[in-house]
Each structure stands twice: as structure tokens, then as C-alpha cells.
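Listed below are the residues making up each chain.
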Amino acid sequence: MSTNPNPEPARDVEARKFVESLEQTGQLADIAKDEDTSKLPAHVTHVRYPDGTVKRIRFTGSGYR
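All values reported here derive from a predicted model rather than from experimental measurement.

A. A look at the sheet that holds strand β2 (residues 46-48). With mixed pairing, three strands are arranged side by side in an open sheet as β1-β2-β3. Whereas interior strands pair on both sides, the edge strands pair on one side only; in this sheet they are β1 (28-30) and β3 (54-56). Ignoring which end each strand starts from, the neighbouring axes of this sheet average 25° apart. The pairing of β2 with β3 spans three bridges and is antiparallel. Looking at β3, one finds that His46 is bridged to Arg56. Running at roughly 105° to β2, helix α1 (residues 9-25) makes contact with β1, β2 and β3 of the sheet.

Structure representation (C-alpha cells):
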């Protein structure tokens, strides 16, 4: 998830925990490089590409302003 070749260990652990929580809640989907993300279910907020890059594709929320 980090583009830094030498991420700080604490940050790396935090990032790994975040990705694990996305996996557990079904908010992370593995996709192909050129896959159309607009076809994914609304609850998917992040995607993981074959190279391991994780990207946010949408926000979810209650809609309150």
C-alpha cells in the first residue's frame, strides 16, 4: 500500500491492519488492472490490483451533511 520502499515499521503495521479490516468487512475487492470499478457493489470502497496496490474508489457514509 505504501509507495515508500522503506516504510516506517509502525506505519506498515497500521496499514496492514487497515487492509485486513477492509477484507473482513467486504469493503476490499481484488480486481484486474483495467477492470471497470463502477460495476462493483456499492459496499466496496477499496480495490487491490494484482501488484498489491490498494486504492480507494468511493466513500460510504450515512449521507448526513
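B. Representation of the nonpolar core in the model. Core analysis: the biggest nonpolar cluster contains five residues, these being Ala29, Ile31, Leu40, Val44 and Val47. When neighbours within four sequence positions are excluded, Ile31 is seen to be in contact with Thr37, Leu40, Val47, Arg48, Tyr49 and Pro50.

Parameters at a glance
Residues take numbers from 1 onward in each chain, read along the sequence in its written order. Local features in this predicted model are restricted to residues whose pLDDT is 70 or higher, and side-chain atom pairs enter the listing and the counts only when it is 80 or higher, whereas totals over whole chains, interfaces and linings include all residues. Note that the side-chain values use all heavy atoms of the structure and ignore hydrogens as well as water. When DSSP finds at least two bridges between two strands, those strands are taken to pair. Helix numbers and strand numbers start at the N terminus; a helix is a DSSP run of H or I with at least 4 residues, a strand a run of E with at least 2. For every element, the axis is a line fit to its C-alpha atoms; helices are fit only across the contacting stretch, and the angle between N-to-C directions ranges from 0 to 180 degrees. We call two residues contacting when some pair of their heavy atoms lies within 4.5 Å. For the purposes of this section, nonpolar cores are sets of buried Ala, Val, Leu, Ile, Met, Phe, Trp, Tyr and Cys residues that join through side-chain atoms within 4.5 Å. Here's how the labels work: a residue is buried when its accessible area is under 20% of the maximum for its type, exposed when over 50%, partly exposed in between, all with a 1.4 Å probe on protein chains only.

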